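Chain by chain, the residues:
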Amino acid sequence: MPRADTGKTFLSETKFKDIANQITSRIEQGIYTAGAKLPPHRELAHELCTTPATVSKAYKLLAELGRVESFVGRGTFVRDKSALSQVIQPQHQELDFNFSILQPCLGLNLNALTQAYSRAAETLSPTLLAYADDSGHSAHRAAGAIWLQKHGLQSASSENVMLTNGAQHALSLLVETLTEPGDTIAVEALTYPGILAIANLAGREVVGVNLDDDGLCPKHLKKVIKQHSPKLVICIPSHQNPTGITMSVSRRQAIADVIKASSAYLVEDDIYAFLNNAPIPAISDLLPQQSIYITSLSKAVSPAMRCGYVKAPDALLPVLAAHIRANIWLASPINFAAATDLIEQGTAFELANAQLREAEHRQTLASDILKDFYETASGFHIWLKLPEHWRVDRLVEEAKKRAILVSHGGYFSVGDTPNCVRLSLMSISSRDRFEEGLGQFAELLASKPMPFSDFLN
């Protein structure tokens, strides 16, 4: 009897979520339009062969997610909001306008993630829950190869793709494996702060390579390699963080030519490749035995998923696998089971495309709201050069007083601090709140800072 009761409870928990997903699909298909009244509990329960109590739980879940709203004595209605701009309401009220976190608009992905993890739970087995050889299950590596190939890396396969706990773990793994304390790593002069943090903690020297309008500068890279003999050259070729630059095909070829003439390995951190409207050939395909390609699902699907994919040369696979086993043994197969489900079903690519379209819309809004300061940009963020009357330290502090969080340009710089900030466009869930916060920031940019003596007081 206890077993039967437990099973009944589990099925009930699954059933109301399934019903909530069915209702969500009907809303998105226009069967239940904005403002429409949903069927009474008993009527929908009869249609779906369940109980009114289960329908009630589904309606409650949808209300918590912001898809419907209920009124005593009147019933439950579809919220009169755009499905794209307001897929969910945040569980906790957003007190800040957070333009500092570079992540996807998670509300767009929540339903698909919920379903993928539910399906993954149904596939749990002793094999999935046990230790695995290499860096993970071959099916999960094969799905990673599909993701990589879709976005420009044609040389990926289940044999040369390894699984990590996200791209940050992959970067740390490569620094630890391929360099020693005191070695030099070449990075873009403005780069992802996580790279700088890894190098600093590991005791590696960092040298910056100049950027131009097409990304990493080949001539300066050649000079840096000659002077400093870096073991690794790390670059972000698509929608570079923080500048937003995407390298052209010709520039990628030029970088590959410089690397080929050296003893360095290229680390291609292509985590934003899904934001390219069409695949751009990876640099790593031009020098497959002298490069390591990294990506993950953190920006396209969810940072919490922690699913990173690393394509490495055959000669490096054993040593990288050994380091993975020594440090974490293996990345979570449960997360990769859900990720593999999303990739094999094609849902991961649909989610990535929805993030791209939302980013394009928010870039358009930003170009209008920040028109006096905005330069051409794309992707999840803007690299904003400040007007002459503002210095970055003061601007960031004044913005914070107004509950506006932006990223200081100094976080990204290998050398001098640029008078710039980076604005993330996707972490604020609601478009209305996004516009409100961006409008307030535009007003701050246009204003003149108070005299320094007043600022100290």
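The rules we used
- Residues numbered from 1 in each chain as written.
- Predicted model: local features only at pLDDT ≥ 70, side-chain atom pairs only at ≥ 80, totals over all residues.
- Heavy atoms only, no water.
- Helix = DSSP H or I, 4+ residues; strand = E, 2+ residues; numbered from the N terminus.
- Rg over C-alpha atoms; globule rule 2.2 N^0.38 Å.
- Buried < 20%, exposed > 50% of the residue type's maximum accessible area, 1.4 Å probe, protein only.
- Areas by Shrake-Rupley, 256 points an atom, 1.4 Å probe, with all protein chains shown as cover.
- Lys, Arg positive; Asp, Glu negative; His and termini not counted.
- Charge placed at Lys NZ, Arg CZ, Asp CG, Glu CD.
- Pairing = 2+ DSSP bridges.
- Axes fitted to C-alpha atoms, helices over the stretch in contact; angles between N-to-C directions.
- Contact = heavy atoms within 4.5 Å.
- Core = buried A, V, L, I, M, F, W, Y, C linked by side-chain atoms within 4.5 Å.
- Left-handed = near helix turned anticlockwise from the far one by under 90°.
- Nonpolar A, V, L, I, M, F, W, Y, C, P; charged D, E, K, R; others polar.
- Domains from an automatic or database assignment.
- Right-handed = clockwise from strand over helix to strand, strands pointing away.
- Patch = residues over 30% accessible without salt bridge, like charges linked within 9 Å, V, L, I, M, F, W, Y side chains within 5 Å.
- Salt bridge = Lys/Arg side-chain N within 4 Å of Asp/Glu carboxyl O.
- Parallel < 35°, antiparallel > 145°, perpendicular 65-115°, else oblique.

Q: Account for the overall build of the protein, with residues named and values stated.
A: Within the protein, the regular secondary structure consists of 16 helices and 16 strands. Taken against the 2.2 N^0.38 rule, which gives 23 Å for 457 residues, the C-alpha radius of gyration of the protein at 24 Å falls within 12% of a compact globule. Summarising its shape, the C-alpha atoms of the protein cover approximately 75 × 60 × 40 Å along the three principal directions. Burial status across the protein gives 53% buried among its 457 residues. When the accessible area of the protein is evaluated, it comes to approximately 21000 Å², of which 52% is carbon and sulfur surface. Between the centroid of the 42 positive side chains of the protein and the centroid of its 47 negative side chains there is a distance of 2 Å.

Q: I'd like a description of the sheet that holds strand S6 (residues 205–209), backed by residues and values.
A: In a beta sheet, neighbouring strands pair by backbone hydrogen bonds and run either parallel or antiparallel. Spatial strand order, S4-S12-S11-S10-S9-S5-S6: seven strands in an open sheet with mixed pairing. The two strands at the open ends of the sheet, each matched to only one other strand, are strand S4 (161–164) and S6. Here the average twist between neighbouring strands, direction ignored, is 25°. Here five bridges tie strand S5 (residues 184–188) to S6, and the two strands are oriented parallel to one another. Among the inter-strand pairings, Glu188 is bridged to a residue of S6, identified as Val209. Seen against the sheet, helix H12 (residues 333–345) touches S4 and strand S12 (308–311) and runs at an angle of roughly 75° to S12.

Q: Tell me about the nonpolar core, and name the residues and values.
A: Counting 71 residues, the largest nonpolar core has Trp147, Met305 and Tyr309 as the members making the most contacts within it. Residue contributions to this core peak at seven residues, all from helix H7 (residues 166–178).

Q: Outline the sheet that holds strand S15 (residues 407–408), listing residues and values.
A: In space, the three strands of this open sheet follow the order S13-S16-S15, with antiparallel pairing throughout. Sheet topology places strand S13 (381–385) and S15 at the edges, where each strand pairs with a single neighbour. Here five bridges tie S13 to strand S16 (residues 420–424), and the two strands are oriented antiparallel to one another. Residue pairing across strands places His381 opposite Ser424, the latter belonging to S16.

Q: Would you mind going over the packing of helix H6 (residues 138–150) against helix H13 (residues 347–369) in detail, with residue names and values included?
A: Direction vectors running N to C along H6 and H13 enclose 40°, while the axes themselves pass 11 Å from each other. Viewed along their axes, H6 and H13 form a crossing whose handedness is right-handed. Taking contact as the criterion, the partners of Ile146, Trp147 and Lys150 in H6 are, on H13, Ala348, Phe349 and Ala352. Residue composition of the contact of H6 with H13, grouped by class: five nonpolar, no polar and one charged.

Q: Before we move on, could you go through the domain arrangement of the protein and cite the residues and values that matter?
A: Its domain assignment divides the protein into domain 1 (17–78), domain 2 (83–107 + 349–446) and domain 3 (111–346). Relative to domain 2, the C-alpha centre of domain 1 lies at a distance of 34 Å.

Q: Break down the pairing of S5 for me, citing the residues and quoting the values.
A: Counting buried positions along S5 yields five of five residues, so the element is predominantly enclosed. Between the parallel elements S5 and S6, the chain passes through helix H8 (residues 193–202) in a crossover that is right-handed. Relative to strand S9 (residues 232–235), S5 runs parallel, the two sharing three bridges. In the sheet register, Ala186 faces S9, and the bridge partner there is Val233.

Q: Can you lay out unusual backbone geometry for me, pointing to particular residues and giving the numbers?
A: That bond from Asn241 to Pro242 is cis: its omega, 20°, falls within 30 degrees of zero. Structurally, Pro242 is set in the loop between S9 and helix H10 (249–260). Positive phi is not limited to glycine here, since Cys49 has a value of about 60°. Following the sequence through the fold, Cys49 ends up in the loop between helix H2 (41–48) and helix H3 (52–64). For Cys49, a relative accessible area of 71% puts it in the exposed group. Phi at Trp329 is positive, roughly 70°, even though this residue is not glycine. Looking at where Trp329 falls in the secondary structure, it is placed in the loop between helix H11 (317–327) and H12. Here Trp329 falls in the partly exposed class, since its relative accessible area comes to 37%.

Q: An account of the side chain of Asn111 is needed here, citing residue identities and associated values.
A: Structurally, Asn111 can be placed in helix H4 (residues 110–122). Not counting the four nearest positions on each side in its chain, Asn111 is found in contact with Asn21, Thr24, Glu28, Leu65 and Arg67.

Q: Could you give an account of a nonpolar patch on the surface, with specific residues and numbers?
A: A cluster of nonpolar side chains, namely Leu124, Leu129 and Ile334, defines an oily patch on the protein surface of about 260 Å² accessible area. Taking the relative accessible area as the measure of exposure, Ile334 reaches 35% and is therefore partly exposed.

Q: A description of the packing of H13 against helix H15 (residues 431–446) should follow, citing residues and the corresponding values.
A: In contact at an axis separation of 10 Å, H13 and H15 are set at 30° when each is read in the N-to-C sense. As judged from the angle between their axes, H13 and H15 are roughly parallel. Where H13 crosses over H15, the two elements pack in a sense that is right-handed. Listed contacts from H15 to Glu358, His361, Arg362, Leu365, Ala366 and Ile369 of H13 are Arg431, Phe434, Glu435, Leu438, Gly439 and Ala442. Across the contact of H13 with H15, the residue classes tally to six nonpolar, two polar and four charged.

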